[in-house]
Amino acid sequence: MEMGKVEWSDLHEDLIDLIADRVSGNIDIVRMSSICKPWRSTVANKERFPYRFNRNLPNFKKKKTDLSPTAFFRVTLPSSSCPNKGWLIKTKQFSESSKINLMSPFFNADNTTTKQTLDLLKVGVSEIRQAYNVEYVRVKDDRGYDFFANSVRAVLVHNMIFKVEWNKEIWCCKIVEESEKKEEEKKGKIEWRRIESKEAELFSDIIVQKGQIYALDLKGAIWWISLSELKIFQYRPSTPVIQDYFHMGDYCKDKRLVEYCGDLCVVLRLCKIFREWRGDKERTVGFTVYKMDKNLVEWVEVSSLGDKAIIMCMESCLVVSASEYYGCLENAIYFTDDDGRDKRKCEDIVKVFKLEGGIIDSSSQSFLEMFTPPFL
């Protein structure tokens, strides 16, 4: 029997609702709303994303906190001479009424956003990663000055927020819909709760891999967080080489988790203090990547990333295929020694570490093309 042709606008509301329930990204929501009036009405009338705009979290140690989501996208121009090549951007929406801001992945302040608009009918957009920060809302000190506290990295799983607080403890809280908020507050369930651990109290990073939450402590060990018990268990032993760097005059400033080819890996940033006439200057001198050998049950160094590159942003570590981006170097780690809070250009702060040869390059500008699309 030949099926009759059905217009998108003629789909039953229940079917549209099922499709909308599987949409997670801001860009996908915008695209779905633009299909036709019935689709736009269905998306607008559903409160299915309570964390997307209604992001106020419980107070933390008498300070008001807010969930700040960020999305990373690969953008292509099908009409260009290289339609398979693209650029890496991130988007951030500062309030429900504000527009989605297009930003360079290494910039974090809202004054670095562009005023340009992106026509989704003319470009290809694919979401790579959702990332989250927990930020303190603007407050006033005793002298009446406004200030923002630094944000902390967080992950979201099953409406639970987990954050690493200042390289110390891991805290979590539950996000509930506005209709359930008062009832949950009466039960005392909406509050920050510390993930207790007798063996580890200092952590540097947290990540979600295949629906599971893993944390990295300052000694290099990986821990697994049980969502049902809200307890933490050691998942991997410490990387055995971290302490050795101190004897070489270097120190491990930054320890990050990243998923590479299905494996959970640890990225170590090595720094050194250089004495200059204006004072001591801290500089990154290299990186080392480790993964767990499942057969030997020990950490092994990753000597090559193949055709991949690691992008170390403040919100998250990303692994991308170099062939999919303009100017992207394979077997390399992109990073910055600056937090990107000023108005300097991308080429002023971004550097690349080449695993082959262990060279840091900040002179060539061609490798930065992937972060500088024509619409930014």
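If you're wondering where the values come from, they're calculated on a predicted model, not measured in any experiment.

What to know about the overall build of the protein
Thought 1: From N to C terminus, the protein includes six helices and 24 strands.
Thought 2: Burial status across the protein gives 45% buried among its 376 residues.
Thought 3: Within the protein, residue pairs in contact and separated by at least 24 positions form 51% of the contacts whose partners lie at least 6 positions apart.

Things to note about the pattern of salt bridges
Thought 1: A complete count under the given rule lists ten salt bridges for this structure.
Thought 2: Put simply, Arg-256 and Asp-205 hold a salt bridge, and the shortest N to O gap is 3.6 Å. Residue Arg-256 is located in strand β16 (residues 251–260), and its partner Asp-205 is located in strand β12 (residues 203–209); the two are separated by 51 residues in the primary sequence.
Thought 3: Look at Arg-256 and you get buried, because its relative accessible area is 4%.
Thought 4: Of the charged contacts in the structure, one is a salt bridge between Arg-269 and Asp-254, with a shortest N-O distance of 3.9 Å. With Arg-269 in strand β17 (residues 263–276) and Asp-254 in strand β16, the pair connects residues that are 15 residues apart, well separated along the chain. There is no split in this pair, since Arg-269 and Asp-254 are both buried.
Thought 5: Through salt bridges with shared partners, a single network forms among Arg-153, Asp-205, Asp-254, Arg-256 and Arg-269.

Details of the sheet that holds strand β22 (residues 332–336)
Strands pair in a sheet through their backbones, by hydrogen bonds, and they do so in one of two ways: parallel or antiparallel.
Thought 1: Sheet architecture is open: five strands sit in the order β21-β20-β22-β23-β24, paired in mixed fashion. Each end of this open sheet is capped by a strand with a single partner; those strands are β21 (317–321) and β24 (359–361). Strand-to-strand twist of the sheet, defined as the mean angle between neighbouring strand axes without regard to direction, takes the value 25 degrees.
Thought 2: Strand direction decides the pairing type here: strand β23 (residues 350–354) and β24, joined by three bridges, are antiparallel. The residue of β24 that forms the bridge with Lys-354 is Ile-359.

Looking at unusual backbone geometry
Thought 1: Positive phi is not limited to glycine here, since His-158 has a value of about 50 degrees.
Thought 2: Structurally, His-158 can be placed in the loop between β8 (152–157) and β9 (160–164).
Thought 3: A residue is classified by how much of its surface remains accessible, and His-158, at 68% relative accessible area, is exposed.
Thought 4: Although it is not a glycine, Leu-230 sits at a positive phi angle of roughly 55 degrees.

Concerning the environment of Lys-291
Thought 1: Topologically, Lys-291 is positioned in strand β18 (residues 279–293).
Thought 2: Classification of Lys-291 as partly exposed rests on a relative accessible area of 29%.
Thought 3: Along the chain, Lys-291 and Tyr-260 lie 31 residues apart, while their C-alpha atoms are 8.8 Å from each other.
Thought 4: Residues contacting Lys-291, with those up to four places away along its chain left out, are Asp-263, Leu-264, Cys-265, Glu-298, Trp-299, Val-300 and Val-302.

A word on the sheet that holds strand β13 (residues 212–217)
Thought 1: Strand order in the open sheet formed by four strands is β12-β13-β14-β15, and the pairing between neighbours is antiparallel. Of all strands in the sheet, those with a lone pairing partner are β12 and β15 (231–236), marking the two edges. The sheet shows a mean angle of 30 degrees between the axes of neighbouring strands, taken without regard to direction.
Thought 2: In this sheet, β15 lies alongside strand β14 (residues 222–226) in antiparallel orientation, the contact comprising five bridges. Pairing of Ser-226 across the sheet is with Lys-231, part of β15.

Looking at the side chain of Thr-336
Thought 1: Relative to the helices and strands, Thr-336 resides in strand β22.
Thought 2: Residue classification places Thr-336 among the buried residues on the basis of a relative accessible area of 12%.
Thought 3: Excluding residues within four positions of it along the chain, Thr-336 makes contact with Phe-106, Arg-269, Ile-349 and Val-350.

Parameters and conventions
In this numbering scheme, every chain counts its residues from 1 along its sequence in written order. At least 70 in pLDDT is required for a residue's local features to be given in this predicted model, at least 80 for side-chain atom pairs to be given and counted, and no such filter applies to totals for whole chains, interfaces and linings, which use all residues. Side-chain figures throughout are based on the complete set of non-hydrogen atoms in the structure, without hydrogens or water. Numbering of helices and strands runs from the N terminus, with a helix taken as a DSSP run of H or I at least four residues long and a strand as a DSSP run of E at least two residues long. For every residue, the accessible area obtained with a 1.4 Å probe (protein chains only) is divided by the maximum for its type, and the residue is called buried under 20%, exposed over 50%, and partly exposed between those limits. The contact definition used throughout considers only heavy atoms, calling two residues in contact when any of these lie within 4.5 Å. A carboxyl oxygen of Asp or Glu within 4 Å of a side-chain nitrogen of Lys or Arg is what we treat as a salt bridge. We call two strands paired when DSSP finds no fewer than two bridges between them. In this description, a line fitted to the C-alpha atoms serves as the axis of each element, helices being fitted only across the stretch in contact, and the angle between N-to-C directions of two axes falls anywhere from 0 to 180 degrees.

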